[in-house]
Amino acid sequence: MKLLILPGDGIGPEITEATLAVVDAADARFGLGMKYDHDLIGFPALEKFKTTFPDHVRTKVGENDGVILGPVSHLDYPPRDQGGINPSGEFRVKWDLYANIRPAKSRMGLSRVGVPMDLVIVRQCTEGFYADRNMFMGVGEFMPTPDIALAVRKVTAEAARKIAIVSFELARIRRRKVTVVHKQNVMKMSDGLWLREARAVAQNYPDVEMDEKIVDATAALLVRDPSKFDVMMCENMFGDILSDEAGELSGSLGLAGSTNEGDDYCVAQAQHGSAPDIAGRGIANPTSLILSAAMLFNWYGRRHSDAKLVDAAAAIERAIDSVLIDPKRRTGDLGGPLGTREFTAEVVRAVATA
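Residues numbered from 1 in each chain as written. Predicted model: local features only at pLDDT ≥ 70, side-chain atom pairs only at ≥ 80, totals over all residues. Heavy atoms only, no water.

Student: Outline the packing of helix H9 (residues 287–303) against helix H10 (residues 307–324), supporting the account with residue identities and numerical values.
Tutor: Direction vectors running N to C along H9 and H10 enclose 155 degrees, while the axes themselves pass 7 Å from each other. When the interaxial angle is binned, H9 and H10 end up roughly antiparallel. Of the two elements, H9 crosses H10, and the hand of that crossing is left-handed. The segment H9 lies against H10, with Thr-287, Ile-290, Leu-291, Ala-294, Phe-297, Asn-298, Tyr-300, Gly-301 and Arg-302 engaging Leu-309, Val-310, Ala-312, Ala-313, Ile-316, Glu-317 and Ile-320. A per-class count over the contact of H9 with H10 returns eleven nonpolar, three polar and two charged. (Axes fitted to C-alpha atoms, helices over the stretch in contact; angles between N-to-C directions. Helix = DSSP H or I, 4+ residues; strand = E, 2+ residues; numbered from the N terminus. Parallel < 35°, antiparallel > 145°, perpendicular 65-115°, else oblique. Left-handed = near helix turned anticlockwise from the far one by under 90°. Contact = heavy atoms within 4.5 Å. Nonpolar A, V, L, I, M, F, W, Y, C, P; charged D, E, K, R; others polar.)

Student: How would you summarise the pairing of strand S10 (residues 231–234) if you had to cite specific residues and measurements?
Tutor: Side chains Val-231 and Met-233 project from S10 onto one buried face, and the interleaved Met-232 and Cys-234 project onto a second face that is buried too. Bridging between strand S5 (residues 118–124) and S10 involves four bridges; their strand directions are parallel. Within S10, the residue paired with Ile-121 across the bridge is Met-232. The pairing of strand S8 (residues 177–182) with S10 spans three bridges and is parallel. Residue pairing for S10: Val-180 is matched across the bridge by Met-233. (Buried < 20%, exposed > 50% of the residue type's maximum accessible area, 1.4 Å probe, protein only. Pairing = 2+ DSSP bridges.)

Student: Tell me about the pattern of salt bridges, and please be specific about residues and values.
Tutor: Tallied over the full model, the rule gives 32 salt bridges. One salt bridge connects Asp-321 with Lys-105, and the closest N-O pair in it is separated by 3.8 Å. Taken together, the residues Asp-321 in helix H10 and Lys-105 in strand S4 (residues 99–105) connect sequence positions 216 residues apart. Looking at Asp-321, the relative accessible area reads 27%, which means it is partly exposed. Through salt bridges with shared partners, a single ionic network connects Asp-55, Arg-58, Arg-80 and Glu-90. (Salt bridge = Lys/Arg side-chain N within 4 Å of Asp/Glu carboxyl O.)

Student: So what's going on with the pairing of strand S1 (residues 2–6)? Which residues, and what values?
Tutor: For S1, the tally of buried residues reaches four of five residues, placing the bulk of the element in the interior. Bridge count between S1 and strand S2 (residues 35–38): four bridges; the pairing is parallel. If you follow Leu-4 over to S2, its bridge partner there is Asp-37. Between the parallel pair S1 and S2, the chain is carried across by helix H1 (residues 12–30), and the sense of this crossover is right-handed. (Right-handed = clockwise from strand over helix to strand, strands pointing away.)

Student: Give me the lowdown on a nonpolar patch on the surface, citing residues and values where you can.
Tutor: Together, Phe-142, Ile-148 and Leu-150 line one region of the surface with nonpolar side chains, adding up to about 250 Å² of accessible area. Checked against the element boundaries, Phe-142 lands in strand S6 (residues 141–145). (Patch = residues over 30% accessible without salt bridge, like charges linked within 9 Å, V, L, I, M, F, W, Y side chains within 5 Å. Areas by Shrake-Rupley, 256 points an atom, 1.4 Å probe, with all protein chains shown as cover.)

Student: Could you give an account of the environment of Arg-107, naming the residues involved and the relevant values?
Tutor: Here Arg-107 lies in the loop between S4 and S5. Looking at Arg-107, the relative accessible area reads 7%, which means it is buried. Distance in space between the C-alpha atoms of Arg-107 and Asp-118 is 9.5 Å, their sequence separation being eleven residues. With residues near it in sequence (within four places) discarded, Arg-107 still touches Ser-250, Leu-255, Leu-291, Glu-317, Ile-320, Asp-321 and Leu-324. In terms of polar contacts, Arg-107 uses its side chain to reach the side chain of Glu-317, at 3.1 Å. (Polar contact = N/O pair within 3.5 Å; in protein donor to acceptor, adjacent residues only side chain to side chain.)

Student: Please provide a residue-by-residue account of the environment of Ala-293, values included.
Tutor: Note that Ala-293 resides in helix H9. A residue is classified by how much of its surface remains accessible, and Ala-293, at 1% relative accessible area, is buried. Taking the C-alpha atoms as reference, Ala-293 lies 8.2 Å from Thr-259; in sequence the two are 34 residues apart. Among all residues touching Ala-293, those that are not within four sequence positions of it are Thr-19, Val-23, Ile-68 and Ala-268.

Student: Quick rundown of the packing of aromatic side chains? Include the residues and the values.
Tutor: Under the criterion given, the structure shown has five aromatic pairs. Geometrically, the ring pair formed by Phe-43 and Tyr-77 is edge-to-face, given 5.0 Å between the ring centres and 90 degrees between the ring planes. Taken together, the residues Phe-43 in helix H2 (residues 42–49) and Tyr-77 in the loop between strand S3 (66–69) and helix H4 (87–94) connect sequence positions 34 residues apart. Exposure remark for Tyr-77: the relative accessible area of 9% places this residue in the buried category. Joined through ring pairs, the aromatic side chains of Phe-53, Phe-91 and Trp-95 make up one cluster. (Phe/Tyr/Trp six-rings, centres within 6.5 Å; stacked < 30°, edge-to-face > 60°.)

Student: A description of H10 should follow, citing residues and the corresponding values.
Tutor: Between its first and last C-alpha atoms H10 spans 26 Å; for 18 residues at 1.5 Å apiece the expected length is 26 Å, and the two agree. Where H10 is buried, its residues contact H1, H9 and helix H11 (340–351). The N-capping residue of H10, defined by a side-chain oxygen 3.1 Å from the backbone nitrogen of Lys-308, is Asp-306. (Expected span 1.5 Å × (residues − 1).)

Scope: geometric values only; no functional claims are made or implied.
Spelled out as structure tokens, the structure:
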């Protein structure tokens, strides 16, 4: 398997290095034949190539089997016409990576709720209110006067149908329940269309339970009893917000893996940001990107009938659990004494036997 490695900004290079060390350990155990193609995005690319997402990097995407994408500081980028392109949003739109898969699972001694938590948020991530990606030309927000700002929310039947299929297919190999999150009481047409397509897809999955929940009630129930949820089908903004909430409730946003998936391609990306305030200090928690890489292995392995990759993904997940269960083997953000490299070394050792 050949991966394009794009470390990104802030703590990106540190957690990417840690992730590759774990991937190398899995490669040594399972014989995955890993190969890497390293390149630049973000501020390092802007400095060298005058853009945060160079054309030659785009070309490389199709030459690799997947991507490990480090976090980016896109809020600090210059305007697009000055080279400031959000690589995360660009990947999702240009390669139609419409499904952002974000698991949230409680781990021993780290959960912030009193009941077990094991859910997956399936976020439609190419439409909605996200103005940088919901229009063919231009952006989805504008100011007709200096004192009026308007934003357009995009929901299409095709995108809603596709994300519903992903959600129901995933539920079928889990606990067979899909919660469709919406705000149809206010967004009557756009969320009405969202619900219409989800209900239509549900007819093809009689073995999967479907329920519908308003987004604010969903946010409250996540705090009270997250065990009520299995797979949550969310539009872009609702999924973005709820997945951060779920990640924190499970223990920390730094423990939340994430992939951006299309029909034919997958990008592994940490769920958290670039944390420039701690960059270079050797204290970043690399768990999120490590778990994201494992999710990429699982995605690719299942589609290409590669049992070694599927087994490697499971071993990485078990290794993370076996390390995090011990408070003395955690990073500082989780109350432990370890830095990035020390924590990574513990996970590397655990992969060999997990």
